[in-house]
Amino acid sequence: MKHFLQLLGKSLLIPIAVLPIAGLLLRLSAEDMLDIPLFQASGVILSNMDVLIAIGIAMGLSKTKDKGIPALTGYLAITILKEGLGIMNQDLDMSVFGGVIAGLAAAFIYNRFHDTRLPSMFSFFGGEKFPLTMIVLLMIPAAGLFSIVWPYAQAAIDTFSQTLVGLGAFGVFVFGFLNRFLLPFGLHHVMNTYVYFGLGRYQTVSGETVTGEITRFLNGDPTAGYFLGGFFITMIFGIPAIALAISRAAKKRKKETKALMSSGAATSMITGITEPIEFTFLFTSPLLYFLHSVYTGLAGAVLCMLRIRHGFSWGAGAIDYLLNLNLSDRGLWIIPVGLLFFALYYVTFYFIITKRNIPLIGREQDALEANTSHPSMAHGILHHIGGPENVLSCDNCMTRLRLKLRDASLADEAMLKDLGAHGVVKIDQHHIQIVIGTKAGNVKKEMETIIEQLPPDEK
C-alpha cells in the first residue's frame, strides 16, 4: 500500500508540472497587472485539473514506457465520467476526486488489457488499443453508479472541509505539519492535491464554480489562502535559515558545505523546492526534521491568527509571492513574520546541531573520500546500487530517482551520499528512492541509456 501511494503521489506530479507557467501567465495577464485578456486562456488549466489528474495517474501507473495510449485512456475515462454525471444529475461535481477515480480506472484497464489478442477480423482493435474500448464500457456504468453514490460522499467531504476550515489556526497547523512530515514517504502530494484543488467552493464573477485553495485564491475568493500562506515563510525564510545554520556549524569542507547550502537555499527561495536542503538532515537527525514540520505548521497558524492571507500557483517561492501580492490580505506582513521565523529556525537548528554534535555535511566523523571514479553521477549511482543489471525499472519525480531493484540491499547509502545524493529512502526489498535534486530527470535518462547499452544476457 505504501508503494502504491508513493506511485500515486509521483503520478500527481505530472499535471502539477504545468502549474508554474499557467499560474504565472494567469497573474501577469490579469487586469491589475499587464491586462492581456488572451493570456487568461491559461486559466483553463486550473479549471480542468480533474482531467489533467486523470491523465497523469493513467500515465504514472501504467506499466509501459510508451505513455500515449495510457494518457488517451485516462482522458476518455474522465470525459465519460463527467458527461455521464452531467446527464444523470447536473448538480454533481466530483472535482479532483473524479480525476483520481478515472485515472485509477484507466491505469487498471490498460495494465489488464493492453496485451489482449482478438480474432483476426477484429485484430485492429486488439493489443494496446483494446483498453480504449474497455474503458468506455467501464466508465458508462461507473458514471451511473457514482451518480447515486457521490451525493453521500460529497456530503461527507463537505463536512470534512467545513470541519478543517472550522478549526481555524489549528486546522492550518495540522495541514502544514503533515505537509512536511509526510514528504519523506512521498505521500504529501496525495493530501496536497485535495487541499490545493478540492477544498472549498467558490463561484466566480462569470458564474463558474471552482474548488481548491489554489484555484479559489487565484480566482479572487476572499476566504482562500489561509492554508497556503505559511509555506512562503518556510520556503523563503525557514529553509535558508536551516542552510545557514548547517554552513556555520560545519567543521570540515566549509567551502563545499557553504556552496551546497547556498544553492539549496536559493532553489527554495525562488522555486519552492525544499528537498535538497531537507534531505541533508532528515535521516541524520529526525528530531530536526520533526521541528521543521512543527515550525511549518506553526508558520501557517500564526498567519491565520494574524488574518494574513496569501497564496500561490505553485511552489510558494519569491516569484509567486510578488506576483500574487495584490490578491493577498496584509501580505507584506509575511516579511517581518518570516524574519522572526528565520531567527527561530537558525537559533534552534544551530544549537541542536552543535550541542548534540549531529554529523551533518561538514561535520562527518570521518569524511569519505571524494568519489571521482565515475565519469557521471548516473554511472556512479548504478555502480553503488549493485550495477545496471540490478535495475528492474527506473523513474523519477522532480527531485528523486525512483528505482525498482532486484535486491535493494545492494544499494550503498553512504557512497551514494558521497556521490552527491541528498538522501536515500529504502521502501522495501526492491524499491528505493534517491534524492538528487532537480537534475533527477536528466540523470534518469542517462541511466536508462547506460542500461539499454548492456548486452541482452546482462539485462
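Residues numbered from 1 in each chain as written. Predicted model: local features only at pLDDT ≥ 70, side-chain atom pairs only at ≥ 80, totals over all residues. Heavy atoms only, no water.

Another aspect to go through is the sheet that holds strand β4 (residues 400–405). As summarised here, the arrangement of the four strands in space is β3-β4-β6-β5, forming an open sheet in which the pairing is antiparallel. Single-partner strands in this sheet number two, and they are β3 (391–396) and β5 (423–426). The average undirected angle you get between the axes of adjacent strands in this sheet is 20 degrees. Strand direction decides the pairing type here: β4 and strand β6 (residues 431–435), joined by five bridges, are antiparallel. Across the sheet, Leu403 pairs through a bridge with Ile432, a residue of β6. (Pairing = 2+ DSSP bridges. Helix = DSSP H or I, 4+ residues; strand = E, 2+ residues; numbered from the N terminus. Axes fitted to C-alpha atoms, helices over the stretch in contact; angles between N-to-C directions.)

Moving on, we get to helix α9 (residues 188–197). Along α9, nine of the ten residues are buried, which leaves the element largely enclosed by surrounding structure. Buried within α9 are the following residues: His188, His189, Met191, Asn192, Thr193, Tyr194, Val195, Tyr196 and Phe197. (Buried < 20%, exposed > 50% of the residue type's maximum accessible area, 1.4 Å probe, protein only.)

When pLDDT is low, close inspection of the predicted coordinates is not appropriate. When pLDDT is averaged along the chain, the result is 86; 94% of the residues meet or exceed 70. Least confident of the elements in the chain is helix α1 (residues 2–16), whose mean pLDDT is 72; most confident is helix α16 (residues 334–355), at 96. Across residues 366–374 the pLDDT falls below 50, and counting only partners more than four positions away or on other chains, this stretch makes 14 contacts in the model. (pLDDT = per-residue confidence, 0-100. Contact = heavy atoms within 4.5 Å.)

In this section: the environment of Pro276. For Pro276, the position within the fold is in helix α13 (residues 275–278). Counting along the chain gives 160 residues from Pro276 to Ile436, while the straight-line C-alpha distance between them is 7.1 Å. Residues contacting Pro276, with those up to four places away along its chain left out, are His422 and Gly437.

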